[in-house]
Each structure stands twice: as C-alpha cells, then as structure tokens.
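Residue-level structure breakdown
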Amino acid sequence: MAMDADTIDNWTTQLRKGVLELGILNIIGRARIYGYDVVKQLRDIDALVVREGTIYPILSRLKRDGLVRTSLEESTEGPARKYYELTRRGEEQLTEMNIYWRALARGIESLRKDYRP
Amino acid sequence: MTAFTPDAQLYLDRYLRQVKAALRGNPSVDAQEVERDVRGHIDAELHGAEPVTLSALQQVLARLGSPSQWTDFDEQPLWRRVMVRLQSGPEDWRLAYLTFALFLCGPGLGPFLGPLGPMCFIASFPFARATLSLMEEREEPIGARKWLVYPTLILWYATLALLLLIWPAPAVGGGLTQLRELHDPRIDAVLAPAWFTVVAGATLALGAWWMLLGVLLPRVLRVLRVVFWPFAESVERRHGFVLAGLGVVVAALGAAVIFAGKQWPAQIEEIGRIMGIA
C-alpha cells in the first residue's frame, strides 16, 4: 500500500531530526567552526535542512549537553562571532554515533538492494 | 551592527520576539543564546547590503522558518502547550473569549469569587499577550478578536503608562508637603510661599522627568515596543524629542512659577488664601 503525503512527511521529519544532529556534530568535528558556517554547509544538503533556524536550537542543546563548547572571536565584518568545537565527550559520542550510522546504513542498504518495485 | 530600514527593523523585532516566545521556558535550549545566534545569522547573511530592506530581510527569515517549528511541541513549556491547545487552529476564538471572560471576572464576579476575582483579572493580561503572540506566529490578522483582547491590554498599558509618566509629580509634591508639615522655620523660609512651591516643585520634577524620558526613549525603543506591544510599534525616535520638548516647556513653567513665588510672595499667599489652599 502506498504511503500518503502525511505519512511521508512524518517519516522524513522524524528521520531528519536524528540525522541532522549527526550532521552538525560531524561538521563541528572536522574543525572549529563559526555557527553560521555550520548552517551554510548544511544548506547544500537539501534533504536535511528544511528550515535553517532549526539548527540553532540544536547547537544550543548540544552545548547544554556538554558535547560542544563555544568561544567568541572578534570579527572585522561585524559583532564578535561564536565558534563551536567538540568537547572530549562530544568526540566520543560522535565516534559512537558514526559507528552506529554506518551499521544502520549498511543494514538498510542490504535490505533495499533486493527490493523490486 | 547591520542597519535596517524602519519597516525591516520592525519586522525583525517582531520575528525576534517570536524566537524568544517560542523558546522561552524550553529546558533543552538557551533562548537568549539562540536569539543571539539568529541575530548573528541575519547579520552575516545581510552584511554589506545596508540599509537592509524588508524584502531582503523576509527572504532570509523565510529560510530560517517560523520559530514555533524549530523545536518539538512536546519540548515547549507547559503554559505554551496549553495556550496552543486552547487556540488549536486559525480563526479560533476560544483563547480570545477566555481572555475576555477573565477580564470581566474581576469587576463582574469579584464579590462572589473573593480573591479569585482579582486573580482572574490579572491572568487576563498574559492570556491577551499569548493570544496576540500565537496569532502573530500564524501571521493571522486579529480582526474582530481585538474587541475581546484589547480591553485588558489597554487598561493595563494605560495604567502603566500613566504611572511611568506622572510619578515624579506626586512623589515630589508629597515630599515637599511632608517637609512643610515639619514646621521648621528654616525649611518654611525656603519653601515660602509653601503651597505654591509644592505645585512648582512638582511641575519642575515632572518636566525634568519628561526631558530624561525623551532623551532615553530612542535607546529604549525596543524595550518600549515589547512592553507595550502591539500598541507601541508606531512609536519612533522623534516621539522622544517631542516628549523632551514638552518636558522643557513644563520644567520652564515650574521654574517660572518658583521665580514668581519668590518675587511676589505676599500676592501669592493672598491668592492661596482666597482659593483656600494656603
């Protein structure tokens, strides 16, 4: 039976929510980064970010959970910029999340490849 | 700091108000921090295109999306979830009716409700603000619901504005009257003619306060718009200059009255006696 539009919407919203956090942590994990640049990098992945504003509450939550820390740096283009970087705890959690993601993606892919519509 | 055209600035203030309202009380995020991040985002997006026009700002805000959709409904504070459920959809009048009912409860059912009456009346204010806030989030015009929501806001705002504007007059007038009642000859010599000095002192204080408020107004414009929302959105810097100008006139009047009191004390005392206030 085909999924209707609402079901697809709900499913993609739920999926995106968890994956978005993983995407953000991976971006911050590469290097210390300005908050706005996190949004710019995610902007290129259409399926991941529908509303750019959703990223800032996630960043705030990650900070509150002790996975990232912030520091302010003066900017020549305006007010001081807030930079994000992973904490030790954030690095450990990201490693675990990436391992889980790879296992999940492999598993789903193995199921999907035999699917004949 | 990015410069905006006046209409864009108003639109931005409204949006940031929505950000705060949507995240306030959410235990998993720091609303102020997110607001600062969003400001930084807007600055970064629009830097170099100043003054930023309304349409340019709207494009950026459209990509950011409605703040009410940034977090899960279940993460939102209890009071907000209750309000949203009370006003479940567009054109929903329930919250507006409830606001009006609470507003009427105080004076109408006060004798029957006891202390609940004033509490209902006080509660009508946050309910009115929440109604407006939810309608603004949904970009829904208030329409005829203003007749249910505005009465409580007008009453609260008018009281607050009046207190804010005139408090120095009774404060200084009362203070001078108390000094007068000490019947100390040295104080009486300074205050003479006493009733006139009390009036003049109160007028002078009022004028000085308006001057100060007028000068400060451009700096506290945003706060003023938030406190007296939605009625203060048309208040601009120039209104501060008008208030300061009025303050100068009133203060000058007070000073002139003091001068007249010192120049012609006998005549002033006589006028006071005729009026029965000396």
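Fair warning: this is a prediction, and the values are worked out from it, not measured in the lab.

Every buried residue belonging to helix α2 (residues 35-43) of chain A is among A:G35, A:Y36, A:V38, A:V39 and A:L42, and all of these are buried. End-on, the buried residues of α2(A) take up no more than an arc of 155 degrees, which puts them together on one face. The secondary structure elements touched by the buried residues of α2(A) are α1 (5-30), β1 (33-34), α3 (55-64) and β3 (78-86) of chain A together with α2 (31-46) of chain B.

The next point concerns the interface of chain A and chain B. Between chain A and chain B, the residue contacts involve 20 residues of the former and 26 residues of the latter. Taking both sides of the interface into account, the surface hidden between chain A and chain B amounts to around 1900 Å²; carbon and sulfur atoms contribute 50%. Residues B:E33 and A:K82 are paired through a salt bridge, measuring 3.1 Å at the closest nitrogen-oxygen approach. Between chain A and chain B we count twelve residue pairs in polar contact (both at pLDDT 80 or more) in total. Broken down by element, the side of chain A that touches chain B gets its largest block of residues, six residues, from α3(A).

Residue and element names in this part refer to chain A. Relative to β3, strand β2 (residues 68-75) is paired through seven bridges, and the arrangement is antiparallel. Bridging from a neighbouring strand, V68 pairs with L86 of β3. Remark: two residues form the turn of the hairpin made by β2 and β3, two consecutive strands paired antiparallel.

One open sheet holds the three strands; their spatial order is β1-β3-β2 (chain A), and the pairing between them is antiparallel. For this open sheet the edge positions go to β1 and β2 of chain A, each flanked by a neighbour on one side alone. In the packing of α1(A) onto the sheet, the strands contacted are β1, β2 and β3 of chain A, and the crossing angle to β3(A) comes to about 100 degrees. Those strands touched by α2(B) are β1 and β3 of chain A, and its axis lies near 120 degrees from that of β3(A).

The subject of this paragraph is the pattern of salt bridges. One pass over the structure, following the stated rule, counts 22 salt bridges over all chains. One salt bridge in this structure joins B:E33 and A:K63, with 2.7 Å as the shortest N-O distance. Here the residue B:E33 occupies a position in helix α2, and A:K63 occupies one in helix α3, the pair thus bridging two chains. Among the residues examined, B:E33 registers a relative accessible area of 4% and is labelled buried. Of the charged contacts in the structure, one is a salt bridge between B:E136 and B:R17, with a shortest N-O distance of 3.2 Å. With a gap of 119 residues between them, B:E136 in helix α6 (residues 116-137) and B:R17 in helix α1 (residues 6-23) connect regions that are remote in the sequence. Considered together, B:E136 and B:R17 belong to a single accessibility category, that of buried residues.

Now for α1(B). Residues and elements named next belong to chain B. Along its 18 residues, α1 runs 26 Å from first to last C-alpha, staying within 8% of the 26 Å computed at 1.5 Å per residue. When α1 is considered as a whole, its buried residues turn out to be A8, Q9, L12, D13, Y15, L16, R17, Q18, V19, A21, A22 and L23. Positive backbone phi, approximately 85 degrees, marks G25, located one or two places after α1.

Attention now goes to the packing of α1(A) against α3(A). Residues and elements named next belong to chain A. Where α1 contacts α3, the axes come no closer than 11 Å and their chain directions differ by 70 degrees. Viewed along their axes, α1 and α3 adopt a mutual orientation that is roughly perpendicular. Considering the relative orientation of α1 and α3, their crossing is right-handed. Seen from α1, the contacting residues are L20, E21, I24, L25 and I28; seen from α3, they are I55, I58, L59, R61 and L62. Considered class by class, the residues forming the contact of α1 with α3 number eight nonpolar, no polar and two charged.

Parameters and conventions
- Residues numbered from 1 in each chain as written.
- Chains lettered and ligands numbered in written order.
- Predicted model: local features only at pLDDT ≥ 70, side-chain atom pairs only at ≥ 80, totals over all residues.
- Heavy atoms only, no water.
- Buried < 20%, exposed > 50% of the residue type's maximum accessible area, 1.4 Å probe, protein only.
- Helix = DSSP H or I, 4+ residues; strand = E, 2+ residues; numbered from the N terminus.
- Arc of directions from axis to C-beta.
- Contact = heavy atoms within 4.5 Å.
- Buried area = accessible area lost by both parts, 1.4 Å probe.
- Salt bridge = Lys/Arg side-chain N within 4 Å of Asp/Glu carboxyl O.
- Polar contact = N/O pair within 3.5 Å; in protein donor to acceptor, adjacent residues only side chain to side chain.
- Pairing = 2+ DSSP bridges.
- Axes fitted to C-alpha atoms, helices over the stretch in contact; angles between N-to-C directions.
- Expected span 1.5 Å × (residues − 1).
- Parallel < 35°, antiparallel > 145°, perpendicular 65-115°, else oblique.
- Left-handed = near helix turned anticlockwise from the far one by under 90°.
- Nonpolar A, V, L, I, M, F, W, Y, C, P; charged D, E, K, R; others polar.

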